[in-house]
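A structural walkthrough
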Amino acid sequence: MWRFLFMVLALAAIAAFFTNPSEEAAEAALGQMVVAGVNSQDISVDKSAAGNALLIACKLRPKDCQKVLSSQMNTQYDDYTFFSTFAAEGLGMKAWCVGAFTKLTCPGGVTPE
């Protein structure tokens, strides 16, 4: 019984080691969250003309928007061998994510600062 439990834990640790998301994967996931947030926004009269223009530009060219917005955010990636953490802050938003087994999960999502 103990041998089986040890083998399962060892296999899980090996799998976690080889499937730990990289910093590039974490930044790509953050970019996808930013694009999803932009796509969920509506153009409205309440916003400024510059804000609406930026929103339209981001909806038309999401990849360029992702690059511009990502350059305005401070990010920190920490690799802990079997899992990793990724924190991003800027533009009035912050996110803290944990990565393991090729997945990046942000428990609180992207929240206002």
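Quick summary incoming for the structure in this document. The structure presented is a predicted model; accordingly, all values stated were derived computationally and were not measured.

**Overview of the overall build of the chain**
- Scanning the chain from terminus to terminus reveals four helices and five strands.
- Ordered by position from the N terminus, the helices and strands of the chain form the series α-α-α-α-β-β-β-β-β.
- Against the compact-globule benchmark of 13 Å for 113 residues, the chain has a radius of gyration of 18 Å, which places it well outside the compact range.
- In terms of principal-axis extent, the alpha carbons of the chain reach across some 65 × 25 × 20 Å.
- Across the 113 residues of the chain, 23% fall into the buried class.
- Here the analysis covers contacts within the chain between residues at least 6 apart in sequence; of these, 38% occur between residues at least 24 apart.

**Quick notes on the state of the cysteines**
- Per the counting criterion, the structure on display carries one disulfide.
- A sulfur-sulfur distance of 1.8 Å marks the disulfide that ties C97 to C106. Its S-S torsion of approximately 85 degrees makes the covalent link between C97 and C106 right-handed.
- A residue is classified by how much of its surface remains accessible, and C97, at 2% relative accessible area, is buried.

**A look at the nonpolar core**
- One finds A26, L30, M73, F86, A88, C97 and C106 forming the largest nonpolar core, which totals seven residues.
- Apart from residues lying up to four places away in sequence, A26 is in contact with Y77, F86 and L104.

**Details of the pairing of strand β2 (residues 84-90)**
- The element β2 is extensively covered by neighbouring structure, given that five of its seven residues are classed as buried.
- Here six bridges tie strand β1 (residues 74-79) to β2, and the two strands are oriented antiparallel to one another. Counted as the bridge partner of Q76 is A87 from β2.
- What sits between the antiparallel neighbours β1 and β2 is a turn of four residues, in which T81 has the positive phi angle 70 degrees.
- The pairing of β2 with strand β3 (residues 93-100) spans seven bridges and is antiparallel. Looking across to β3, one finds that T85 is bridged to V98.
- What sits between β2 and β3 in their antiparallel hairpin is a turn of two residues, with L91 showing a positive phi close to 55 degrees.

**Quick word on the pairing of β3**
- When β3 meets strand β5 (residues 111-112), the two strands line up antiparallel, connected through two bridges. Residue K94 lies in a different strand from β5, and its bridge partner there is T111.
- Sheet analysis places β3 next to strand β4 (residues 103-105), joined by three bridges and oriented antiparallel. Each bridged residue has a counterpart across the sheet, and for V98 the counterpart in β4 is T105.

**Remarks on the side chain of T85**
- In this structure, T85 sits in strand β2.
- In contact with T85, not counting residues within four places along its chain, are Q76, Y77, D78, Y80, W96 and C97.

Criteria and thresholds
- Residues numbered from 1 in each chain as written.
- Predicted model: local features only at pLDDT ≥ 70, side-chain atom pairs only at ≥ 80, totals over all residues.
- Heavy atoms only, no water.
- Helix = DSSP H or I, 4+ residues; strand = E, 2+ residues; numbered from the N terminus.
- Rg over C-alpha atoms; globule rule 2.2 N^0.38 Å.
- Buried < 20%, exposed > 50% of the residue type's maximum accessible area, 1.4 Å probe, protein only.
- Contact = heavy atoms within 4.5 Å.
- Disulfide = S-S within 2.5 Å.
- Core = buried A, V, L, I, M, F, W, Y, C linked by side-chain atoms within 4.5 Å.
- Pairing = 2+ DSSP bridges.

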